Amino acid sequence: MNQIPTPSAKRLRRPSWRDSRLVVGILLVLLAATLGARLLASMDDRLPVYMATRDLVVGDPVDESALSRVDVRLDDAVAPYLSAGVPLAPSQFVLREVRAGELVPRAAVGSGASLEVQLVTVSVEAVSATGLRAGSVVDVFLSDVPAGSEHGTKPTAKRALEGVGVAAVLGAANSFGSASKTSVQLYVPRGEVQRLIEAVDGGAKVTLVPVAGRPAVGGS
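Scope of this entry: the structure provided in the associated data block. (Residues numbered from 1 in each chain as written. Predicted model: local features only at pLDDT ≥ 70, side-chain atom pairs only at ≥ 80, totals over all residues. Heavy atoms only, no water.)

### Points about the overall build of the chain
Phase 1: Across its full length, the chain holds two helices and nine strands.
Phase 2: Buried residues in the chain amount to 29% of all 220 residues.
Phase 3: Once local pairs closer than 6 in sequence are excluded, the contacts in the chain between residues at least 24 apart make up 65%.
Phase 4: Looking at the chain as shown, the accessible area adds up to about 15000 Å², and 56% of this sits on carbon and sulfur atoms. (Helix = DSSP H or I, 4+ residues; strand = E, 2+ residues; numbered from the N terminus. Buried < 20%, exposed > 50% of the residue type's maximum accessible area, 1.4 Å probe, protein only. Contact = heavy atoms within 4.5 Å. Areas by Shrake-Rupley, 256 points an atom, 1.4 Å probe, with all protein chains shown as cover.)

Here is the structure:
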């Protein structure tokens, strides 16, 4: 009677990097991860744009200190905004107002040659500048006595400029025997600069009145 041979047990071996099945498996995992990442990226159609972190008025220089990058999803019906995907162009300025928290329209930014305002510093009573800061919008009133008026005639106030942007509030200085004064830098329309300077040089008093509904109080 023939004896049935007993099969010998084979020892399991640890897969080696030379094993083609292991290499193929790793490649398949990497390929799946890459395709998944590309698919997710293609599904995310958000674009990086700039948002104003403070109120920007006409004449303000455009730099990253007043901007923040946000990723938004835009459709074809939305006007283009200032891209945060490329460096800001040098010597760019705000051409129209942008409020804090708003996306910056591309059309609201341009070169200095496109500006229609000039920076003018005026001295006002400190109380007139209370609460003002960079980005505030004010009406400018001039008070003076009309030429040829009788002695003792009280000065009359007239609104000389409307909706003027404040570039900076430089601080107050006490004057002996008079109310403390504050220097305020304004973005004045080019066509009004000469008239304003002549009025101030002629002794007119400047008073700044914040425009209702526009930011006026806050830190600079």
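Next comes the rest of the write-up.
### Overview of a nonpolar patch on the surface
Phase 1: Taken together, the side chains of V24, L28, L31 and L35 present a nonpolar region at the surface, about 380 Å² in accessible area.
Phase 2: For L28, the position within the fold is in helix α1 (residues 20-43).
Phase 3: For L28, a relative accessible area of 53% puts it in the exposed group. (Patch = residues over 30% accessible without salt bridge, like charges linked within 9 Å, V, L, I, M, F, W, Y side chains within 5 Å. Salt bridge = Lys/Arg side-chain N within 4 Å of Asp/Glu carboxyl O.)

### Section: the side chain of R133
Phase 1: Along the chain, R133 falls in the loop between β5 (117-125) and β6 (137-144).
Phase 2: Exposure remark for R133: the relative accessible area of 11% places this residue in the buried category.
Phase 3: Reaching out from R133, the side chain makes a polar contact with the side chain of D55 at a distance of 2.8 Å. (Polar contact = N/O pair within 3.5 Å; in protein donor to acceptor, adjacent residues only side chain to side chain.)

### Quick word on the environment of S111
Phase 1: Within the secondary structure layout, S111 lies in strand β4 (residues 109-111).
Phase 2: Overall, the relative accessible area of 31% leaves S111 in the partly exposed class.
Phase 3: Residues contacting S111, with those up to four places away along its chain left out, are S91, Q92, F93 and L95.

### As for helix α2 (residues 190-201)
Phase 1: The end-to-end C-alpha distance of α2 is 18 Å, a good match for the 16 Å that 12 residues give at a rise of 1.5 Å each.
Phase 2: Just downstream of α2 lies G203, where phi reads positive at about 100 degrees. (Expected span 1.5 Å × (residues − 1).)

### Points about the environment of V211
Phase 1: Inspection of the secondary structure assignment puts V211 in the segment after β9 (205-210).
Phase 2: Note: C-alpha distance between V211 and D139 (72 residues apart in sequence) is 6.3 Å.

### Describing the nonpolar core
Phase 1: Of all hydrophobic cores here, the largest spans 20 residues; its most connected members are V122, V140, V184, L186, L196 and L208.
Phase 2: If you list the elements that add at least two residues to this core, you get β5, β6, β7 (156-173), β8 (181-189), α2 and β9.
Phase 3: No other element matches β7, which puts four residues into this core.
Phase 4: Sequence-distant contacts of V140, that is, excluding residues within four places in its chain, are made with K158, R159, A160, L161, V164, L186, L196, V206, T207 and L208.
Phase 5: Formed by 13 residues, the second largest nonpolar core is a distinct cluster that contains L56, L67, A108 and V109. (Core = buried A, V, L, I, M, F, W, Y, C linked by side-chain atoms within 4.5 Å.)

### Brief notes about the side chain of S143
Phase 1: You can see S143 is positioned in strand β6.
Phase 2: Apart from residues lying up to four places away in sequence, S143 is in contact with P155, T156, A157, G203, A204 and K205.

### As for the pattern of salt bridges
Phase 1: Taken as a whole and assessed by the stated rule, the structure comprises nine salt bridges.
Phase 2: A salt bridge links R99 to E97; the shortest N-O distance between them is 3.2 Å.
Phase 3: One salt-bridge network, held together by shared partners, links D55, E97, R99 and R133.

### Digging into unusual backbone geometry
Phase 1: In this model, S91 sits at a positive phi of 55 degrees, which is unusual for a non-glycine residue.
Phase 2: Mapped onto the elements, S91 comes out in the loop between β2 (67-73) and β3 (92-94).
Phase 3: For S91, a relative accessible area of 57% translates into the label exposed.

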